[in-house]
Amino acid sequence: MKLDAKVLRYMSAEEFRVLTAVEMGSKNHDVVPTTLIAQIAGLRHGGSHKLLGELAKRNLVARVKNARYDGYRLTYGGYDYLALKTFAKRESIYSVGNQIGVGKESDIYIVANEEESQHVLKIHRWNRLGRVSFRAIKSKRDYLNRRKSASWMYMSRLAAMKEYAFMKVLHENGFPVPTPIDQVRHCIVMELINAYPLRQISEVKDPGKLYSDLMNIIVRLANYGLIHGDFNEFNILVKENSEPVLIDFPQMVSTSHPNAEWYFNRDVECIRRYFLRKYGYESMLYPKFHLDINREFDLDVQVAASGFTKQHQQELEQYQAELNEFQDQTEGSPLSRDEDPEPKNINRTYSAHRDITEIRSISTNLSLPATRLTDVEIKKR
Ligand code: ADP
Ligand code: MG
């Protein structure tokens, strides 16, 4: 799904009212009845009908003919639009530039503020169910229908909230992560790190030093009560001076998680294996969950205090587990690496899938953003 910032240019105040009404109506309707949209927007039925048609043409809403009533649902395009609009109003984003990454559950863009400082916009997209075979389409539809209304929107927003909350707490505690700047709906704005993922770095000056820096980060995280959960060569950016920066936090788990040790070991193993395969580097030294971890702080408590609660965490895990189950049924296991099978009672992450998509997400072009939101977005209210 491509982000089309130009679409902002053509939005009238009335259209915006209607779009907002669709979003509000989606809180308790899968398909928002056209009459309800008119009511929320405070427009005559005929008036909103025409505006909805305009919005649908630009893929901001989609018409759904339900057996019981006619209505619309918000699309990702519409949700993106609303988020961008809020970012613009808060002056976090002024212009949108190149896309630099496509993950399995996210799109990454370069953006800039009015001072032309460049940042990264990460848009969470949690309705990507992977490549679904033709035969699976029917079961997919049934599956989606069973889910409560607009869950893709809610889950993408939860993922963004989680990532932002963790990034903030990690940043405040001196971990090498991008500076978080803002979060709205399913989107995050953060510092642009001028570095490439470890995956793209064929030669490292001192692999031993980088290896121990990374292991130290894993240990320090655990001492603060956290495990990254997807600590791999795609989620570690390496700066020119060889300093690593950690990204991508929606799957972080607490060291008090019942399967914490398994997650911890997987993160450690991932680095060990990668360094051996890619740099021929092997060390006898690597951290062990029971020996090396002395929990000193409770960052997961700080995260909860920031508004991302335990209940949010559970909802997100539950949804992830359902998606995985669905994927297993339709296309086999997403795990293709020679990993230990995960204990049964926990949720699998998407690492293997991510690896496939992220290879294409090369940040080669860090040029200045093209579309100015304010050219477009003239009235900030
Ligand atoms: P996903 O959840 O889809 O894996 P990531 O947060 O890992 O998304 O980002 C995907 C890719 O985008 C990264 O591998 C990296 O190349 C690039 N990227 C993400 N955030 C930043 C950033 N703050 N600075 C520079 N590049 C980034
Ligand atoms: Mg990633």
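Higher on the page you've got the structure.
Below is a short write-up of the structure. In this text the structure is predicted, and so the values were computed from the model without any measurement.

1. Section: the nonpolar core
Step number 1: Of all hydrophobic cores here, the largest spans 60 residues; its most connected members are L170, L198 and L214.
Step number 2: Looking at which element gives the most residues to this core, the answer is helix α6 (residues 151-172), with 11 residues.
Step number 3: Discounting residues that sit within four places of it in the chain, L214 has contacts with L198, F231, I236, P244, I271 and F275.
Step number 4: If you look at the next biggest cluster of nonpolar residues, it comprises 23 residues, including V18, L19, V22 and Y72.

2. Quick notes on the sheet that holds strand β9 (residues 196-197)
Step number 1: One open sheet holds the 3 strands; their spatial order is β9-β11-β12, and the pairing between them is antiparallel. Edge positions in the open sheet fall to β9 and β12 (244-246), since each of these has one partner strand only.
Step number 2: In this structure, β9 lies alongside strand β11 (residues 236-238), joined through 2 bridges in antiparallel fashion. Counterpart to P197 in the pairing with β11 is L237.
Step number 3: Of the strands in this sheet, β11 and β12 are in contact with helix α7 (residues 207-223), which crosses β12 at around 30°.

3. A look at the environment of Q320
Step number 1: Tracing the sequence through the fold places Q320 in helix α11 (residues 310-331).
Step number 2: On the basis of relative accessibility, which here comes to 8%, the residue Q320 falls in the buried class.
Step number 3: Taking the C-alpha atoms as reference, Q320 lies 20 Å from I188; in sequence the two are 132 residues apart.

4. Points about the environment of I217
Step number 1: Summarising the element assignment, I217 is placed in helix α7.
Step number 2: On the basis of relative accessibility, which here comes to 10%, the residue I217 falls in the buried class.
Step number 3: In this structure, the C-alpha to C-alpha distance between I217 and P176, residues 41 residues apart in sequence, is 8.6 Å.
Step number 4: Look past the residues within four positions of I217 in its chain and what remains in contact with it is F175, P176, F231, P244 and L246.

5. Digging into the pairing of strand β8 (residues 187-191)
Step number 1: Taken across its 5 residues, β8 has 4 buried, putting it largely inside the fold.
Step number 2: With 5 bridges connecting them, strand β6 (residues 118-124) and β8 associate as antiparallel partners. Its bridge partner being in β8, H119 is matched across the sheet by E191.
Step number 3: Pairing of strand β7 (residues 180-184) with β8, which is carried by 4 bridges, proceeds in the antiparallel orientation. Bridge pairing links Q183 to I188 in β8.

6. What about the pattern of salt bridges?
Step number 1: Scanning all chains against the criterion turns up 14 salt bridges.
Step number 2: As a salt-bridge pair, R58 and E15 come within 3.4 Å of each other at their nearest N and O atoms. A residue pair is termed long-range when its members are at least 10 positions apart, and R58 in the loop between α3 (45-57) and β2 (61-65) and E15 in helix α1 (residues 13-26) qualify at 43 residues.
Step number 3: Here R199 makes a salt bridge to E233, at a shortest N to O gap of 3.9 Å. In this pair, R199 sits in the loop between β9 and α7 while E233 sits in the loop between β10 (226-227) and β11, placing the two residues 34 residues apart along the sequence.

7. Some remarks on the packing of α1 against helix α4 (residues 76-89)
Working note: a packed helix pair is described by the angle between its axes plus the distance between those axes.
Step number 1: Direction vectors running N to C along α1 and α4 enclose 115°, while the axes themselves pass 11 Å from each other. In terms of their interaxial angle, α1 and α4 are classed as roughly perpendicular. Crossing angle aside, the handedness with which α1 passes α4 is left-handed. Contacts from F16, L19, T20 and E23 in α1 reach G78, Y79, Y81, L82 and K85 in α4.

8. As for unusual backbone geometry
Step number 1: A positive phi angle, close to 65°, is found at E116, a residue other than glycine.
Step number 2: Summarising the element assignment, E116 is placed in the loop between β5 (106-112) and β6.
Step number 3: Even without being a glycine, S242 presents a positive backbone phi close to 75°.
Step number 4: Positionally, S242 belongs in the loop between β11 and β12.

Quick notes on the rules
- Residues take numbers from 1 onward in each chain, read along the sequence in its written order.
- Labels follow written order: the first chain is A, the first ligand is 1, and so on.
- Only residues with pLDDT of at least 70 get local features here, since the model is predicted, and only at 80 or more are side-chain atom pairs given and counted; chain-wide, interface and lining totals rely on the full set of residues.
- Here the side-chain values reflect all heavy atoms present in the structure, with hydrogen atoms and water set aside.
- Definition used in this section: a nonpolar core is a set of buried Ala, Val, Leu, Ile, Met, Phe, Trp, Tyr and Cys residues joined via side-chain atoms within 4.5 Å.
- The classification of residues rests on relative accessible area computed with a 1.4 Å probe and restricted to protein chains. Under 20% of the type maximum is buried, over 50% is exposed, and intermediate values are partly exposed.
- Secondary structure is summarised from DSSP: a helix means a run of H or I of at least four residues, a strand means a run of E of at least two, and numbering begins at the N terminus for each.
- By definition, residues are in contact when any of their heavy atoms lie within 4.5 Å.
- Only strands that DSSP links by at least two bridges are regarded as paired with each other.
- To get an axis, fit a line to the C-alpha atoms, keeping to the stretch in contact for a helix; angles then go from 0 to 180 degrees between the N-to-C directions.
- A pairing counts as a salt bridge when a side-chain nitrogen of Lys or Arg comes within 4 Å of a carboxyl oxygen of Asp or Glu.
- These descriptions rest on fixed angle ranges, namely under 35 degrees for roughly parallel, over 145 for roughly antiparallel, 65 to 115 for roughly perpendicular, and the rest for oblique.
- Each crossing gets its hand from how the near helix is turned against the far one by less than a right angle, where anticlockwise is left-handed and clockwise is right-handed.

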